[in-house]
Every structure is written in C-alpha cells, then in structure tokens.
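Per-entry structural report
Each chain, written out:
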Amino acid sequence: MVTQYKNLIGGKMVETGRWMDVINPANEQVIGQVPVCGKDELDEAVAAARAAFKTWKNTPIEERRAAIMAISGAIKENAEELYRLLTSEQGKPHEQARGEIYGAAGMAAAQSTLSLEEEIVQDDDTRLMRVRRVPVGVVGGIVPWNFPVMMAIQKIVPAMLSGCTIVLKPSPFTPLTTLRIAELIAAKVPAGVVNIITGEDDLGPMITSHPDIDKITFTGSTATGKKIMEGASADLKRITLELGGNDASIVLPDADPKKVAEQLFWSSFSNAGQICVAAKRVYIHEDIYDELSAAIVEYAKTVKVGDGSEQGTGVGPIQNRKQYERVIELIEDAKANGYKFLLGGDVDPSGTGFYVPITILDNPPEDARIVAEEQFGPVMPLMKFSSEEEVIARANNTEYGLAGAVWTGDPERGVKIAEQLETGTVWINEYLHLSPFAPFGGHKQSGFGAEYGKEGLKEFTYPQVITVRRDNVPA
Ligand code: NAD
C-alpha cells in the first residue's frame, strides 16, 4: 500500500476519506495519496485560520519569528528525507531538490528578519500622524508544481510574519513534500495559523471565491492568474500574482563564449527548464553566434537526461503528462515549420516517464511558437542579433515581463541595456538569483504585486493611519 499523507487543519493532521494519487514523473508509478478536500473541509480550514487570526495578529513579532525559525529548523533537520521525496514527486535531480529544500529553509530564516516599521509623517505641536501596517487577515495561498516547497514557504512565511494566518493549497501534482513538512511543523506552530489542504481542480476556485478569505497569494500560469483576479473581484480580495514569463538572455559580442556557455546552458535547463525565470529566448550577437552556439551544444552533450534519483542526472523528466504533451507539441510545431535543431528534438512518447531530450534550436524566427510562447521545458532557442537597439526591441516584444539577463565583458554597458528591458528583474552576468530582501515580481502580464523584501511583506498588510490632533484636546 502506498503512503497516505494527511492535511493540516487547525493544528491536526486530518484526512477526508477520499484520496487522490500522486505519481513519480520518472516512472509514472503511484508514490503516495493525498486527501481530496471539498467545500466542507475548506470551510473548516478557513474557520481554523480565522479563529487563530484573533490571537496571532496580536502575538509579538519575536514569537512569530520564533515559529518561523522552528519551521526553517524542521526543514533543515529533515532535509535528507525531504529532498528525496521532492525528487520522487517533482522529477528534479537530487542535487537540485537538495538546493530547493535548503533554499526554502534559508529563505524562511532570512525573511523572518524583515520588519515593517511604523512611519511618522508628522510629529509637531499640531498633530502626531503615524502610519502602521496591520495584517489583512486570512490568506489563501495557491502554488504550482515546479518549486512546490520553495513556493509554499514564500507564501507561508510573510503571511505569518505580518500577523496573517493562511490556508495553503499545493498543486495536485506535487503535494507530498509539503504535506510531510506540514506533519513536521504541526506541533511547532500555534493551531490554525498554518493550514495545508489538498484537492482536485475545483479546490482552487473555491479558495479564490471563499467569502472569509481576505487575500490570495498565487504563483502559477498567467491564464490561471487572470481567473483568480476575476474570482477575487467579487469581494475585492487583496491579490498577489506571480505568473509566467518568457525571459530573454542577451549575449553581447564582448562576452567570452568559453566563460558563458555552461552558465547559459543552466539558465535554460535547470529544473528541466520548468522555471518561471528560466532563459527561454537566448539572443546572441552575430559576431560570436557560431562559436557560442557550438560551445553550448558541446556542453549540453555532456549532460545526462534521466531519473532524478540516479547519480549523474542533470536534467530530469517533465513534471506531468499535460506539460510533457505541451512541450512535445511545441517541438513538433518547430519541426513542421522546418526550423533547424542543433541538438535534440526527438521525443519518444511511447516510453515510460515524461522525458524530453535537451533540445537546442538554431535561429528560429521570432514568431515561432517555440520562441513566442512560454515553453516551460528543456528547450532553448538561440537567436542571432546585430544591434543593441534591435535586440532590446525583440526582448521587449512580449506580453510577459518577469526577468531577463545580459552577458557582457562590460557590466556598465549591461546595466544600460537592463534599464531598457521591461521586466521586474534583470541579471548582469548571472542567472536565477533571487534575494529575500529584494522585491520579486513581474511587469506586464507576468504578475501583479511582488513577493520578497519589504515590498512583498507589505502586500500582507493594510496601511492604517492614526492621527492625534495635539492642539485640540477637548478636555
Ligand atoms: P497553474 O496555473 O496551472 O496552477 C497553479 C496552481 O493553481 C495549482 O495549485 C492549481 O491547482 C491551481 N489552479 C488551477 N486553476 C485554478 C483556478 N481556476 N483557480 C484557482 N486555482 C487554480 O500553473 P502550473 O502549471 O502549476 O505552473 C506553471 C506556471 O507557473 C508557469 O506559467 C510558470 O511560469 C508559472 N510560475 C511562475 C512563477 C513566478 O514566480 N512568477 C514561479 C513558478 C511558476
């Protein structure tokens, strides 16, 4: 019998009597079952969060920090077990799963040090005017399947720190590690402050429209983000949306191909390309295009695609069948249009496991689906450009605006280009680096609001202005 993982509601690990299967994308075997929650269980979780909010919002910040540190500690102490479980449900190689687990523990600890100080805007004989931040209330957190643990933590921690309570829903594809963490923290966090529930496709919309949830913090696709915004409008819930991206990497002619090839490779292929901020369009200056594309392909040939639990695997399977079929569709479309492949492109859909070979395309046109759409798979289109003006226009020619990168021997020149890109984050000579102290969020249709940093924390609060008139005391 497979292991059954319970939900966390009101401080207790509970089940519903209805179960759904979770599979390992490397071999399509069922590796666990999780409860299917419906309206009644959601109501119970929201009621537990609402009851806990009454005391949690007035709990001193030091105690809230201590509870967050207990979560961080529990994750770190059990990292070995957790990263193996994460690989088995998500597919990412052990080393990358390890990075996510330790990264989540570190992110929780670092974010717990943030605070929102009161602001005094007037303090004179006439009046004292203070702006304080008060928690919005009960938060609904909804997360995707690509970084299930990191995403859960980046919703739970700022909610707790600000004084909110939360009902979190993992993706039905990757709930196991999150529920194991729920079990580990159940006794370490006051009952009802953190609730974690699982369910099928109807649970997300039920959370979004629940009348006693005050805010939704969501990470996922732009299409779902739009539905959430619509659902949240009924009672004007506060929302934070972290959505899709089609990030451009721009390689200037002064970048040494030998120094950037490997880094560019991993900026596209980490987590099998299933990262919102992966490099999904790589623009290389024509002077170095041939040399750099050859160096990337050379390096790519040394990377093993396979089961993430096997030693030496660099790129694991696609996380689920739907995404696997979407990536195949984009590759088939590229073939049908006669675009040139430098590597990969031949998928065998009859095999077991959702494997897509490392696929690199040679200068496909800008309007190719595999360039214009978010691939979210191990696919890297390399494109030639000749002038800075041209490449900036091409990079910005998308509805997305999440992140981007510039690779150059002259960082100042990189900054000048970065300032013209319409994205929330731009890296010069690095990739995928996020800080707990800097806001992360998308421009255009890549998001609404931000996570991380004080700006992210503020989104869990309302400003409240208290004014005391000093020269008009009626006594
Ligand atoms: P998704 O939008 O399909 O699902 C995300 C979550 O929303 C899941 O938990 C799902 O069950 C739930 N959901 C689905 N429909 C819903 C609805 N109508 N109402 C409420 N909830 C609903 O996304 P996904 O396929 O799991 O994840 C991949 C996408 O996430 C990609 O587009 C990727 O770029 C994006 N992403 C963005 C970031 C970021 O920080 N900007 C990070 C990771 C992933």
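None of these values were measured; they are calculated from a predicted model.

Reading the values: rules and limits
- Residues numbered from 1 in each chain as written.
- Predicted model: local features only at pLDDT ≥ 70, side-chain atom pairs only at ≥ 80, totals over all residues.
- Heavy atoms only, no water.
- Helix = DSSP H or I, 4+ residues; strand = E, 2+ residues; numbered from the N terminus.
- Rg over C-alpha atoms; globule rule 2.2 N^0.38 Å.
- Buried < 20%, exposed > 50% of the residue type's maximum accessible area, 1.4 Å probe, protein only.
- Areas by Shrake-Rupley, 256 points an atom, 1.4 Å probe, with all protein chains shown as cover.
- Lys, Arg positive; Asp, Glu negative; His and termini not counted.
- Charge placed at Lys NZ, Arg CZ, Asp CG, Glu CD.
- Pairing = 2+ DSSP bridges.
- Axes fitted to C-alpha atoms, helices over the stretch in contact; angles between N-to-C directions.
- Core = buried A, V, L, I, M, F, W, Y, C linked by side-chain atoms within 4.5 Å.
- Domains from an automatic or database assignment.
- Salt bridge = Lys/Arg side-chain N within 4 Å of Asp/Glu carboxyl O.

**Side note on the overall build of the protein chain**
Helix and strand content of the protein chain: 15 helices and 22 strands. The C-alpha atoms of the protein chain give 23 Å as radius of gyration, which agrees with the globular expectation for 475 residues (23 Å, within 12%). Projected onto the principal axes, the alpha-carbon positions of the protein chain cover approximately 80 × 65 × 40 Å. In the protein chain, which comprises 475 residues, the share counted as buried stands at 56%. Only carbon and sulfur atoms are counted for the fraction: they give 51% of the accessible area of the protein chain, which is about 19300 Å². For the protein chain, the distance from the average position of its 47 positive side-chain charges to the average position of its 65 negative side-chain charges is 6 Å.

**Remarks on the sheet that holds strand 12 (residues 247–251)**
Strand pairing in a sheet is mediated by backbone hydrogen bonds. Such pairs are either parallel or antiparallel. Strand order in this open sheet of seven strands is 16-17-18-13-12-19-20, and the pairing throughout is mixed. Edge positions in the open sheet fall to strand 16 (340–343) and strand 20 (425–428), since each of these has one partner strand only. Across the sheet, the axes of successive neighbouring strands diverge by a mean angle of 25°, strand direction being ignored. In terms of strand pairing, strand 17 (residues 359–362) meets strand 18 (residues 379–385) through four bridges, oriented parallel. In the sheet register, D362 faces strand 18, and the bridge partner there is L382.

**So, the nonpolar core**
M160, V251 and I360 are the most contacted members of the largest nonpolar core, which totals 91 residues. If you tally residues by element for this core, the top one is helix 5 (residues 148–162), at 10 residues. Residue contributions to this core reach at least three from each of two domains, namely domain 1 (7–243 + 442–465) and domain 2 (247–428). Counting residues in hydrophobic clusters, the runner-up holds 28 residues, among them L252, I331, A334 and V347.

**A few points about the pattern of salt bridges**
Under the counting rule described, the total for this entry stands at 31 salt bridges. Between R321 and E28 there is a salt bridge, with the nearest N and O atoms lying 3.1 Å from each other. Pair noted here: R321 is in helix 11 (residues 321–336) and E28 is in the loop between strand 3 (19–23) and strand 4 (30–35), with a separation of 293 residues, a long-range link. Here E390 makes a salt bridge to R394, at a shortest N to O gap of 2.6 Å. Here R394 and E390 lie together in helix 13 (residues 388–396), a separation of four residues that amounts to about one turn. Note on E390: relative accessible area 24%, which makes it partly exposed.

**Some words on unusual backbone geometry**
Although it is not a glycine, N429 sits at a positive phi angle of roughly 60°. Here the phi dihedral of K444 falls at roughly 50°; this positive angle occurs in a residue that is not glycine. Residue K444 is classed as partly exposed on the basis of its relative accessible area, which comes to 37%.

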